[in-house]
Amino acid sequence: MLKIYNTLARDKQDFQPLIPNTVRMYVCGMTVYDLCHLGHARVMVVFDMVYRWFKASGYDITYVRNITDIDDKIIKRAAQNGESIHALTQRFIDAMHEDADALGVQRPDHEPRATQYVQQMLDMIAKLEAHGLAYQSEDGDVNYAVRKFEGYGKLSGKSLEDLRAGERVDVAEGKHDPLDFVLWKHAKPDEAAEVQWDSKWGKGRPGWHIECSAMGSDLLGERFDIHGGGADLQFPHHENEIAQSEGAHQCQYVNYWMHNGFVNVDKEKMSKSLGNFFTIREVLKKYDAEVVRFFILRAHYRSPLNYSDAHLDDAKGALTRLYTALKTTGEVGSAKVGDWNEAYAQRFKAAMDDDFNTPEAVAVLFDLANEVNRTQSPASAAQLKALAGVLGLLQRDAQVFLQGGVGEDGLDDAAIAAQIAARVAAKSAKDYAEADRIRKALLADGIVLEDTAAGTSWRRA
RNA sequence: GGUGCGUUAGCAAAUCGGUUAUGCCCCGGAUUGCAAAUCCGGUUAGCCCAGUUCGACUCUGGGACGCACCUCCA
């Protein structure tokens, strides 16, 4: 039985889908005004892992990850660049897909763009207005009347009074209550036609929170199973989504809320505003994408994940051990897990069923690698590759991983082969001094030699 | 100020009321011409205080420290 930590309940709960054997999952995606950083990588990889685990467990899952392609930052950035909104967002959507692909993140079933769902958003705002939960203020904005929605704060565990006490932001004109949030922003005179839509409240554009509510219900229904996103979205974004969706549809919105932890730098949250972020492509210049994926999955999704070169190096070494185990047994194919009752598979499954405990699942992989090294059993090697495949790991040819370099301009394969041949000759002539000299020279170039019964092989350090 | 989460060996990171986590590092042995890889074994834990218990890293209470949210944020 799969258990999921439900933020709404602050507890691990048995997962019961609304429709047997079917999962409907929505995850908040990116606002595309810039390149994705490692924090975004974590959301994508974590929920990709969740997506894969549901599939491996036999569920029919529909996964939606939205794209916010209209908001203040996008408008501002486009103006700065002298570029259209569409050109800007398309550029960063393409970049996001490249990054996601590199990290082995499967495409969600749907990637709705906010600009294509404005009508659904307007319909929803109309419903909220009809239910007395939304009002238009003098300035033209349509706001949500937070105090009219009973249960506001149930996800984040905040009471309206608490929120008020910590208020640190200037109250916008026209709101009945400082905590009310905007559903529809009236068009400003200097804004491009591209960011204006007609509505019964006048020209304008949607607020951020309404996007997800509208896209989620349109693609997955008024009530669905799982909603995920970064822990920072818990409040106010997800809290507001609940208020909107439950207010408009008069039924529960989501059964299980999942929130992933942050990527930290020096124990501080990596974020745009702090400026302490590393973009995915920046990191991929130094580290293999699979190492980055492994680095993310080796921590629990709810724990903080501290980023540093030392930790990436550590992850690389660990992943190398797994690939080394596969190398010695040769190519084993990429078959799916055949028997989930097999001992290692059982442990792996138990770990994954326990709120997606990937660190434990990875530990099983290492135990299995030890068995592979000990027994040289092709069946064990195949199992290792199959289980790792569930996490989107270890699917490349071992030799390719071990000999691959990232952004290296060192020795090419032919040069290495020539050096190895020269060393073999020296060895058979018992000229060990020369043999060791060659090995040392190669090591200085980042090439590690390993003599085996079958001959000398090499890998990059 | 309010709310929530966390504090595990040199580093990273899980589980668990009593039995080897796991990876990297380190030490010893096997193997090797020597290494590397691999195998076998070992060293290094549970922020502090009190309580519950036959027994607590694991439960309860208090404290310290750290982080996050309360503003856009994955």
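Scroll up a little and you will see the structure.
Residues numbered from 1 in each chain as written. Chains lettered and ligands numbered in written order. Predicted model: local features only at pLDDT ≥ 70, side-chain atom pairs only at ≥ 80, totals over all residues. Heavy atoms only, no water.

Chemist: For this particular structure, what's the right way to read the packing of aromatic side chains?
Modeler: One pair of aromatic rings is described through two measures. These are the centre distance and the angle between the planes. For the coordinates displayed, the defined rule picks out 19 aromatic pairs. Where Phe-54 meets Tyr-59, the ring centres are 5.2 Å apart and the plane angle is 85°; that geometry is what we call edge-to-face. Of the aromatic side chains, those joined through ring pairs into one cluster are Phe-15, Phe-54, Tyr-59, Tyr-256, Tyr-301 and Phe-356. Over the aromatic face of Phe-262 sits the side chain of Lys-269, whose NZ or CZ is 4.6 Å from the ring centroid. (Phe/Tyr/Trp six-rings, centres within 6.5 Å; stacked < 30°, edge-to-face > 60°. Lys NZ or Arg CZ within 6 Å of the ring centre and 35° of its normal.)

Chemist: Quick question: what am I supposed to make of the nonpolar core here?
Modeler: Among soluble globular proteins, nonpolar side chains are generally buried collectively. Counting 134 residues, the largest nonpolar core has Phe-54, Phe-348 and Phe-356 as the members making the most contacts within it. A total of twelve residues in this core trace back to one element, the largest contributor, which is helix α1 (residues 38–56). Here this core spans two domains, and each of domain 1 (7–260) and domain 2 (264–395) adds at least three residues to it. Every residue in contact with Phe-348, bar those within four places of it in the chain, is listed here: Trp-53, Trp-340, Ala-361, Val-364, Leu-365, Leu-387, Val-390 and Leu-391. By size, the runner-up hydrophobic cluster in this structure holds seven residues, among which are Ile-438, Leu-442, Leu-449 and Trp-458. (Core = buried A, V, L, I, M, F, W, Y, C linked by side-chain atoms within 4.5 Å. Buried < 20%, exposed > 50% of the residue type's maximum accessible area, 1.4 Å probe, protein only. Helix = DSSP H or I, 4+ residues; strand = E, 2+ residues; numbered from the N terminus. Domains from an automatic or database assignment. Contact = heavy atoms within 4.5 Å.)

Chemist: Looking at this structure, I do not really get the packing of helix α11 (residues 343–353) against helix α12 (residues 358–375). What am I missing?
Modeler: Packed helices, taken two at a time, are described by the angle between their axes plus the distance between the axes. Running from N to C, α11 and α12 cross one another at 165°; their axes reach a closest spacing of 7 Å. Between α11 and α12, the angle falls in the class roughly antiparallel. As α11 runs across α12, the sense of the crossing is left-handed. Residue-level inspection shows Tyr-344, Arg-347, Phe-348, Ala-351 and Met-352 of α11 in contact with α12, the latter providing Thr-358, Glu-360, Ala-361, Val-364, Leu-365, Asp-367, Leu-368 and Glu-371. For the contact of α11 with α12, a count of residues per class yields eight nonpolar, one polar and four charged. (Axes fitted to C-alpha atoms, helices over the stretch in contact; angles between N-to-C directions. Parallel < 35°, antiparallel > 145°, perpendicular 65-115°, else oblique. Left-handed = near helix turned anticlockwise from the far one by under 90°. Nonpolar A, V, L, I, M, F, W, Y, C, P; charged D, E, K, R; others polar.)

Coordinates in, geometry out; function isn't part of it.
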